[in-house]
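# Residue-level structure breakdown
Residues per chain, in single letters:
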Amino acid sequence: MSGVAVHTGGSALPVEVEAVELHRIAMPLVRAFETSFGRQTARDVLLVRVLTAQGEGWGECVAMADPVYSSEYVEGAAAVIRDYLAPALLAARTVRAAEVSSVLGGTIGHRMAKAALEAAVLDAQTRAAGISFGEYFGAVRPEVDCGVSVGIAPSIEALLDEVSEYVEAGYRRIKLKIKPGRDLEPVAAVRSMLGPDALLQVDANTAYTVADIDHLRGLDDFGLLLIEQPFVEEDIAAHVMLAKAIDTPVCLDESITGTAVAIDAIERDATSIVNIKAGRVGGYLEAIRIHDACLERDVAVWCGGMLETGLGRAANVALAALPGFTLPGDTSASDRYFADDLTESFVLVDGRLAVPSGPGTGVTVRTELVSAWRTRPVELLTRA
Ligand code: NPQ
Ligand code: MG
């Protein structure tokens, strides 16, 4: 099936990019977030602001402070934008969001950095045109079902307390971070607390190897929606082996770096559900292409999260409103991560977040907070 209108070409006029600004901020997390790759207590965020003749646009870079989720990291993203990406964008002068990936195509990789710039151009362009990200993307619903990602907890008791809080808040799906030694037991405890019908899934962030396949088969007892990314990013074959060996559906996150990889992984039966994160794949427009490819193949997708501020969250919620996003995403409310958000806060209502309807991302960056939380001087990049 296909025939779903995705308005990524659109009638939107291009913008004339005059300057690019890089803003670095730090936001404390309301609670430490532990995954198989480490424990985070704050979010170090790179924001990109483009100044155009038609108005400004903001984009959020999802790279983490350290290269532990993927090879990208905040300082590296700032450097590649400063030295390569912003100069290419400024040289192009007049650009539509749909052209940004080819304008930046002379640089290999660095997808999170590219995604941030594309998002900023998309924000400026759609604001100037008076349309929202949801309208531009082809959103088909006014609000999206939300899940929550739960870090590795210090004890089973602490884990059950935290999960209970989220159930109370109305989240429609729970995702538990797992790693070797912290898997079957916590998952069993949460499943027995939630009962058999609750939507529950796990994410290993590449912490296992094929030697663990027998052990991972133990997860089949818990009626999980899926297991996310057990093995390293490059090892599609290992995921094929696991998918053959267990009943729990395998879902790739880190491995899916673009549409071609997604189609290949689906055709090889390495993944039967796909986590889509715009930053990981180089932007929202590539994310939509993956969504379309999955929809055509009847592969369910869901929107991942990278502890975005309200800026990135707004765009994720618009993406998650596309028709193929049939599972709740890691599109949590602002207060899951932050005491105070960078934009209007996103509040869970009946387990859902509303898709912003105003022009562009539909949210406003609170520039007084950007100033208050700044950790580096602003960098202003202009045409050579
Ligand atoms: C995932 N996200 O799906 C990631 C990885 C992740 C919501 O589980 C700081 C910044 C800490 C980004 C921890 C969720 C992070 C981060 C985990 C991303 O694999
Ligand atoms: Mg993941």
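The coordinates are above.
Read on for an overview of the structure. (Residues numbered from 1 in each chain as written. Chains lettered and ligands numbered in written order. Predicted model: local features only at pLDDT ≥ 70, side-chain atom pairs only at ≥ 80, totals over all residues. Heavy atoms only, no water.)

## Side note on the packing of aromatic side chains
One pass over the structure, following the stated rule, counts seven aromatic pairs. Between phenylalanine 33 and tyrosine 337, the aromatic rings sit 6.2 Å apart at their centres with planes inclined by 70°, giving edge-to-face as the arrangement. Here tyrosine 337 lies in helix α13 (residues 334-337) and phenylalanine 33 lies in strand β1 (residues 15-35), a separation of 304 residues in the sequence. There is no split in this pair, since phenylalanine 33 and tyrosine 337 are both buried. Between the aromatic rings of tyrosine 136 and phenylalanine 137, the centroid separation amounts to 6.3 Å while the plane-to-plane angle is 65°, which identifies the pairing as edge-to-face. Using a relative accessible area of 0% as the deciding quantity, one classes phenylalanine 137 as buried. Taken together, the ring pairs in this structure connect Phe133, Tyr136, Phe137 and Tyr284 into an aromatic cluster. One cation-aromatic arrangement involves arginine 173 over tryptophan 302; the distance from NZ or CZ to the ring centre is 5.3 Å. The aromatic ring of phenylalanine 33 is capped on one face by arginine 336, whose charged end is 5.1 Å from the ring centroid. (Phe/Tyr/Trp six-rings, centres within 6.5 Å; stacked < 30°, edge-to-face > 60°. Helix = DSSP H or I, 4+ residues; strand = E, 2+ residues; numbered from the N terminus. Buried < 20%, exposed > 50% of the residue type's maximum accessible area, 1.4 Å probe, protein only. Lys NZ or Arg CZ within 6 Å of the ring centre and 35° of its normal.)

## Observations regarding the state of the cysteines
Enumeration over the complete set of coordinates arrives at zero disulfides. The structure places no disulfide on cysteine 146, whose sulfur is separated from the nearest cysteine sulfur, that of cysteine 303, by 9.5 Å. We classify cysteine 146 as buried; its relative accessible area is 0%. Overall, the relative accessible area of 0% leaves cysteine 303 in the buried class. (Disulfide = S-S within 2.5 Å.)

## A word on the sheet that holds strand β9 (residues 227-228)
Within a beta sheet, neighbouring strands are joined by backbone hydrogen bonds and run either parallel or antiparallel to one another. Pairing is parallel across the open sheet formed by seven strands, whose spatial order is β6-β7-β8-β9-β10-β11-β12. Each having just a single partner strand, β6 (147-150) and β12 (300-303) make up the two edges of the open sheet. In this structure, β6 lies alongside strand β7 (residues 173-177), joined through four bridges in parallel fashion. When the bridges of β7 are listed, serine 149 appears paired with lysine 175. Strand contacts of helix α11 (residues 284-296): β11 (273-276) and β12, with the helix running at about 165° to β11, the strand carrying the most contacts. (Pairing = 2+ DSSP bridges. Contact = heavy atoms within 4.5 Å. Axes fitted to C-alpha atoms, helices over the stretch in contact; angles between N-to-C directions.)

## A closer look at the pattern of salt bridges
Inspection of every chain in the model, using the stated rule, returns 29 salt bridges. The network of salt bridges with shared partners includes Arg173, Lys175, Lys177, Asp203, Glu228 and Asp330. (Salt bridge = Lys/Arg side-chain N within 4 Å of Asp/Glu carboxyl O.)

## Re the pairing of β1
Looking down a regular strand, the side chains alternate between one sheet face and the other. Strand direction decides the pairing type here: β1 and strand β4 (residues 94-95), joined by two bridges, are antiparallel. Considered in β4, the bridge of glutamate 16 is made with threonine 94. The sheet contact formed by β1 and strand β2 (residues 38-52) spans 14 bridges and is antiparallel. By the bridge assignment, phenylalanine 33 is partnered in β2 with glutamine 40. The hairpin turn running from β1 into β2, its antiparallel successor, is two residues long. Relative to strand β14 (residues 379-382), β1 runs antiparallel, the two sharing four bridges. Bridging from a neighbouring strand, leucine 22 pairs with glutamate 379 of β14.

## A word on the packing of helix α9 (residues 259-267) against α11
It is the contact of α9 with α11, at a shortest axis distance of 9 Å, that shows an interaxial angle of 25°. Of the possible angle classes, the one that applies to α9 and α11 is roughly parallel. The interaxial crossing formed by α9 with α11 has right-handed handedness. Contact residues: Thr259, Ala262, Ile263 and Ile266 in α9; Glu286, Arg289, Ile290, Ala293 and Cys294 in α11. A per-class count over the contact of α9 with α11 returns six nonpolar, one polar and two charged. (Parallel < 35°, antiparallel > 145°, perpendicular 65-115°, else oblique. Left-handed = near helix turned anticlockwise from the far one by under 90°. Nonpolar A, V, L, I, M, F, W, Y, C, P; charged D, E, K, R; others polar.)

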